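# Structural description and commentary
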Amino acid sequence: MGSAVERTDEHVREYLIYRGFTNALKHLDSDIKADKEKGFRVDKIIDQLQQFILTFDLFSLKEYWLYLDRRLFCRLEDIYRSTVNKLRTSLFRYYIINTIQKGNLEKTQEFFQKQALELQTQAEWRDWFVLPFVPNPEQNPFFSPYFSRQWADTFLVSLHNFLSVLFQCMHILQLGRDRDGSVQHKLPPYTTADVLNNRVNRSFKCLTFYTTEPLCLTSVCLSLFGVVGQTPEKKVEVGDAEPTETSGDPPDSSSSRSCGAGGGLSAEQPFIKLSQEEYGEHHSAIMHCRVDSSGRRVASLDVDGVIKVWSFNPMMQTKATIMSKSPLLSLEWATKPDRLLLLGSGVGTVRLYDTEAKKNLYEMNIDETHPRILSLASSPSGSSFICSAAALGQSGNLESSPRLPIPVSGQLLLWDTKTVKQQLQFSLEPEPVAINCTAFNHNGNLLVTGAADGVIRLFDMQRYESAMSWRAHDGEVYSVEFSYDENTVFSVGEDGKFIQWNIHRCGVKQSEQGLPQDATGPFVLSGYSGYKQVQVPRGRLFAFDSEGQHILTCSSSGGLIYRLTNGQPALDRVLSLGGHKAPVVTVDWCSAVDCGTCLTASMDGKIKLSTLLAQKS
């Protein structure tokens with residue numbers, strides 16, 4: 001619609017020039033400059049709304065929305081009135097949240113004073129009048145979702161798609177009129193309420209997290225039908241599954257954000273990439289990158305031993321920087337309290353670091369004969385943690401052989417977090433070997449480990465003994481995780497295989513798929529004059545979404561998301577996150593919310609944070 005209006009304006013301008021109507025041409029240019037509809041350009045309309053919000057201009061924001069309502073929204077059929085009202089409610093909430101995030105509480109109180117008479121009778125605003133008096137509302141269970149970047153991105157994309165569909169369905173000089181002469185814009189028949197409700201039941205259920213009531217489900221679903229970005233003559237039936245692209249980039253609130261990225265949308269695509277941002281405070285290759293259990297903080301460790309603790313809601317901000325004199329090999333968040341960080345070194349020590357107080361609480365000496373702390377895992381209760389310690393190689397060089405094959409010996413230890421004492425040492429059969437990776441199940445009753453000898457061991461944490469073990473890979477086991485239902489475990493090994501194992505039948509495979517080499521390592525970064533930097537796997541190589549139906553893996557240019565397929569020879573690739581110029585060496589997927597945040601960290605020190613919107617089927 002926007003391009004059609006521009007072409008029409010240009011034709012009118014050419015006609016006026018041809019006829020010599022210079023005064024009319026001046027008036028036309030003046031009117032176009034003052035045009036509130038911005039030539040039906042969705043991006044410019046949203047930019048104007050965001051400008052009013054960023055400058056705390058409540059009066060202009062209300063007037064502009066009222067103009068859009070009188071000019072456009074009021075002409076829609078009645079079934080879309082609830083969608084418009086929800087968008088208006090979300091716009092005002094977006095304004096309020098911005099005033100709080102910018103520390104302008106005077107504007108927050110001004111909003112409620114001026115809008116009190118109008119809003120006090122509306123049920124959706126009943127709980128919001130206490131907001132100015134709530135300390136730290138971003139941590140309040142009710143208000144915290146609205147302070148998340150996911151909620152803001154979802155709202156802006158919803159508004160963008162709604163306006164795009166509306167403008168696509170308007171025909172210049174051919175607006176339909178009712179018998180009484182009033183103009184009505186009719187959206188396509190495949191966007192009727194019944195169709196939308198059916199699609200809503202199967203799509204975008206996660207929006208109920210970002211808003212206590214579903215946020216503009218109608219407008220988001222419109223984009224699934226292929227309406228956005230098409231000419232008025234071309235229509236797509238509901239059953240069509242061809243992906244289409246939006247008619248313009250969704251609104252952007254920062255230079256590093258690219259809302260709506262990730263290519264076309266289809267009814268079959270499980271995720272939409274709402275935004276991708278970059279954390280660039282590291283200056284060397286990343287080894288570990290983990291988000292805490294609450295989904296509020298990230299800890300990242302590079303090969304120089306620099307740890308960054310940072311947050312990404314509402315904005316990306318470094319909270320603490322930790323410098324280590326000794327080399328660090330492992331990192332893990334404690335579960336309770338989630339502000340504590342476990343750091344494993346290459347000299348036989350584990351540190352417990354308080355990220356809020358920014359100080360070391362304890363430093364534990366593990367074992368001088370096994371100085372390399374390869375893996376750490378905190379129990380779900382937070383009362384203890386698992387520590388995997390390994391001996392040095394025959395060369396005694398820590399850096400040249402970070403992951404050495406047998407016969408390098410190792411220990412698997414259980415430490416008490418409160419008393420800071422070792423509770424016990426697990427027996428590793430058939431011989432003590434270096435454990436590369438560890439993971440608890442949801443209640444801490446089971447522990448799964450993957451070792452340098454290619455064996456997976458499952459431990460009963462109530463009896464503190466091995467329940468079963470089996471040879472899983474040819475070569476080392478790099479990563480292990482429990483499945484969503486915890487009846488199976490998944491593993492990735494040096495042989496490049498991604499295998500699902502039944503824990504009720506020792507050594508029985510449920511599925512096996514091959515992964516490309518850039519997903520399992522060794523990771524290679526090529527430089528000038530034939531220089532190559534090689535990094536062996538250290539951090540997590542795959543991560544699940546909140547329902548365990550999809551996995552995020554490494555690749556040479558960014559994270560890749562696959563759909564898990566039972567019994568199929570290959571994984572079903574559904575989305576490439578992209579964004580990296582160097583190989584991704586570790587990933588994490590924040591499962592604290594349905595619409596999660598994917599972390600991908602690479603050898604050039606860059607970490608990409610991708611916000612996804614899940615379409616539930």
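The rules we used
Residues numbered from 1 in each chain as written. Predicted model: local features only at pLDDT ≥ 70, side-chain atom pairs only at ≥ 80, totals over all residues. Heavy atoms only, no water. UniProt positions renumbered as here; feature names shortened; annotations may be inferred. Helix = DSSP H or I, 4+ residues; strand = E, 2+ residues; numbered from the N terminus. Axes fitted to C-alpha atoms, helices over the stretch in contact; angles between N-to-C directions. Parallel < 35°, antiparallel > 145°, perpendicular 65-115°, else oblique. Left-handed = near helix turned anticlockwise from the far one by under 90°. Contact = heavy atoms within 4.5 Å. Buried < 20%, exposed > 50% of the residue type's maximum accessible area, 1.4 Å probe, protein only. Pairing = 2+ DSSP bridges. Nonpolar A, V, L, I, M, F, W, Y, C, P; charged D, E, K, R; others polar. Bend = angle between axes of the 7 residues up to and from the residue. Salt bridge = Lys/Arg side-chain N within 4 Å of Asp/Glu carboxyl O.

UniProt records the feature "repeat: WD" (unreviewed entry) at residues 279-320, 428-469 and 470-503, using the numbering of this structure. Secondary structure over residues 470-503 splits into 0% helix and 59% strand, and the C-alpha atoms at its two ends are 10 Å apart.

Looking now at the packing of helix α5 (residues 81-101) against helix α6 (residues 105-119). Between α5 and α6, the shortest axis-to-axis distance is 7 Å and the interhelical angle comes to 150 degrees. Classified by the interaxial angle, the pair formed by α5 and α6 is roughly antiparallel. Relative to α6, α5 is oriented so that their crossing is left-handed. Contact residues: Arg88, Phe92, Tyr95, Ile96, Thr99 and Ile100 in α5; Leu105, Lys107, Thr108, Glu110, Phe111, Phe112, Gln115 and Glu118 in α6.

Another aspect to go through is the pairing of strand β15 (residues 446-451). Within β15, five of the six residues are buried, which leaves the element mostly enclosed by the surrounding structure. Bridge count for strand β14 (residues 435-440) against β15 is five bridges, and the pairing is antiparallel. Paired with Phe440 across the bridge in β15 is Leu447. Two successive antiparallel strands, β14 and β15, enclose a turn made up of five residues, where Gly444 displays a positive phi of approximately 80 degrees.

As a further point, take the packing of helix α3 (residues 42-54) against helix α4 (residues 58-71). Running from N to C, α3 and α4 cross one another at 155 degrees; their axes reach a closest spacing of 9 Å. Considering their axes alone, α3 and α4 lie roughly antiparallel with respect to each other. Facing α3, whose interface residues are Ile45, Gln48, Leu49, Phe52 and Ile53, α4 presents Ser60, Leu61, Tyr64, Trp65 and Leu68. Its residues assigned to classes, the contact of α3 with α4 comprises eight nonpolar, two polar and no charged.

Our focus in this paragraph is α6. The largest bend along α6 reaches roughly 35 degrees and is located at Gln113. Restricting attention to buried positions, one finds in α6 the residues Thr108, Glu110, Phe111, Phe112, Gln115 and Leu119. Those residues of α6 hidden inside the fold are in contact with α4 and α5.

The subject of this paragraph is the pattern of salt bridges. Going through the model one piece at a time under the given rule, you end up with 21 salt bridges. Notably, a salt bridge pairs Glu118 with Arg88, separated by 2.6 Å at the nearest N-O pair. One end of the pair, Glu118, is in helix α6; the other, Arg88, is in helix α5, with 30 residues separating them in the sequence. Classification of Arg88 as partly exposed rests on a relative accessible area of 22%. Glu110 is the partner of Lys114 in a salt bridge, and the nearest nitrogen-oxygen pair spans 3.4 Å. Taken together, the residues Lys114 and Glu110, both in helix α6 and four residues apart, mark about one turn of the helix. Through salt bridges with shared partners, a single network forms among Arg290, Glu332, Glu481, Arg540 and Asp588.

Moving on, we get to the sheet that holds strand β24 (residues 542-544). Taken together, the four strands give an open sheet; going across it, the order is β24-β25-β26-β27, and neighbouring strands pair in antiparallel fashion. Only two strands of the sheet have a single neighbouring strand rather than two, namely β24 and β27 (572-576). Strand-to-strand twist in this sheet, taken as the mean axis angle between neighbours without regard to direction, amounts to 30 degrees. Both strand β25 (residues 550-553) and strand β26 (residues 560-563) contribute to a ladder of four bridges, which runs antiparallel. Bridging from a neighbouring strand, Leu552 pairs with Ile561 of β26.

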